[in-house]
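A look at the structure
Chain residues, written in single-letter form:
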Amino acid sequence: MAKKLRLGIVPYMNAKPLIYGLNQYTDSIVLSFEVPSLLPTMLNNDQIDVAIIPSIEYFRSGNYAIIPDISISSYGTVESVKIFSKVPIQNIRTAALDKSSLTSCALTKIIFKEQYHLTPYYTPWDNRDDISGANIDAVLLIGDNAMKMNNDEYITLDLGQAWFEYTGLPFVYAVWVVKKGHHIPGINKLLRDAKEAGIRSVKALATIESQRLQLTQERCQKYLTNSIHYNLGKEEIKGLQTFYQHATSLGLAPEGMEIVLNKS
Ligand SMILES: C=C(O[C@@H]1C=C(C(=O)O)C=C[C@H]1O)C(=O)O
């Protein structure tokens, strides 16, 4: 029997439209679900062949080629990448950053430093911990945990919105990648077709996710159609390059990396 293609993907609602169309390939594809910060290591260790990885990691590594036309992005409000603060944003002195994230941790540092002139003391955050009892001013949460948080108890900052106000550009959180030189015939088309099928089925997906997360169907559908975007066109590439420039200027990524798209 031919070896199955191993895909690594984040477990959050935002990624579901990208994999919905792959359900029909259970004989030839196996999906592994893991938090974004761990997927690059799995790819490097050859535990998987293709992965959705945090965009910052693409620039840190230099070892990957990006599958064209697909991303997890926002064009303004993202809803699921948020600072939850106990104090006004300008007064944050200690901030804990979701350990599951890499890109949004970098984005937090960029927005805090460049927009708010803040350099808080940063610590990692395990999202099983209790925020109200923790000795920190603010927490960055991403994904389903951020969606499920009660906004009323905190001052919040939506980082997709903050980025858009700052740059006028979309923000790219994650991209599908393969290791450079790892030729997987047909992978670009397979993942693009899957994305298109997922987007066509977004209503059904929102219903499934609303039950899983105990959120309303309307909220899930709005999130998957208005907040999260799945293209990687000219504007998103510009957003990605602009993020990379800010990241290098703060020492969060090495200089000299190029955007390389996967050919097959
Ligand atoms: C928008 C999101 O994008 C995610 C954020 C990531 C990060 O911060 O490293 C990585 C993958 C994406 O799934 C989210 O999960 O809320």
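Residues numbered from 1 in each chain as written. Predicted model: local features only at pLDDT ≥ 70, side-chain atom pairs only at ≥ 80, totals over all residues.

In terms of burial, strand β7 (residues 94-98) is a largely internal element, four of the five residues being buried. With five bridges joining them, β7 and strand β8 (residues 121-125) adopt parallel strand pairing. Residue pairing in the sheet places Thr 94 in a bridge with Tyr 121 of β8. Taken together, β7, helix α4 (residues 103-116) and β8 constitute a β-α-β crossover, and its handedness is right-handed. (Buried ≥ 20, exposed ≤ 12 C-beta atoms within 10 Å, placed from the backbone. Helix = DSSP H or I, 4+ residues; strand = E, 2+ residues; numbered from the N terminus. Pairing = 2+ DSSP bridges. Right-handed = clockwise from strand over helix to strand, strands pointing away.)

Another aspect to go through is unusual backbone geometry. For Asp 69, which is not a glycine, the phi torsion comes out positive at approximately 70 degrees. Along the chain, the position of Asp 69 falls in the loop between β4 (64-66) and β5 (72-74). Of the residues examined, Asp 69 has 18 C-beta atoms within 10 Å and is grouped as partly exposed. Positive phi values are uncommon outside glycine, yet Glu 79 reaches one of about 75 degrees. Classification of Glu 79 by C-beta neighbours within 10 Å gives partly exposed; the count is 19.

A few words on the domain arrangement of the chain. Entries for the chain in the domain assignment read domain 1 (5-73 + 171-233) and domain 2 (81-167). Inter-centroid distance (C-alpha atoms) of domain 1 to domain 2 is 24 Å. Of all elements in the fold, only α3 (55-61) and β11 (171-179) reach the threshold of two or more residues within the side of domain 1 that touches domain 2. Classifying every residue of the side of domain 1 that touches domain 2 by side-chain character gives twelve nonpolar, three polar and one charged. (Domains from an automatic or database assignment. Nonpolar A, V, L, I, M, F, W, Y, C, P; charged D, E, K, R; others polar.)

The subject of this paragraph is helix α6 (residues 159-167). Restricting attention to buried positions, one finds in α6 the residues Leu 159, Gly 160, Ala 162 and Trp 163. End-on view of α6: buried residues confined to an arc of 160 degrees, all on one side of the axis. Residues of α6 that are buried make contact with β5, β6 (81-85), α4, β10 (155-158) and β11. Gly 168 sits one or two positions beyond α6 and adopts a positive phi of about 70 degrees. (Arc of directions from axis to C-beta. Contact = placed C-beta atoms within 7 Å.)

A few words now on the site of the ligand. The full set close to the ligand counts 19 residues, and Pro 36, Pro 54, Ser 80, Ser 101 and Ser 104 are the nearest of them. Grouping the constituent residues of the shell around the ligand by class yields 13 nonpolar, six polar and no charged. Two domains each provide a minimum of three residues to the shell around the ligand, namely domain 1 (5-73 + 171-233) and domain 2 (81-167). (Near = placed C-beta within 6 Å.)

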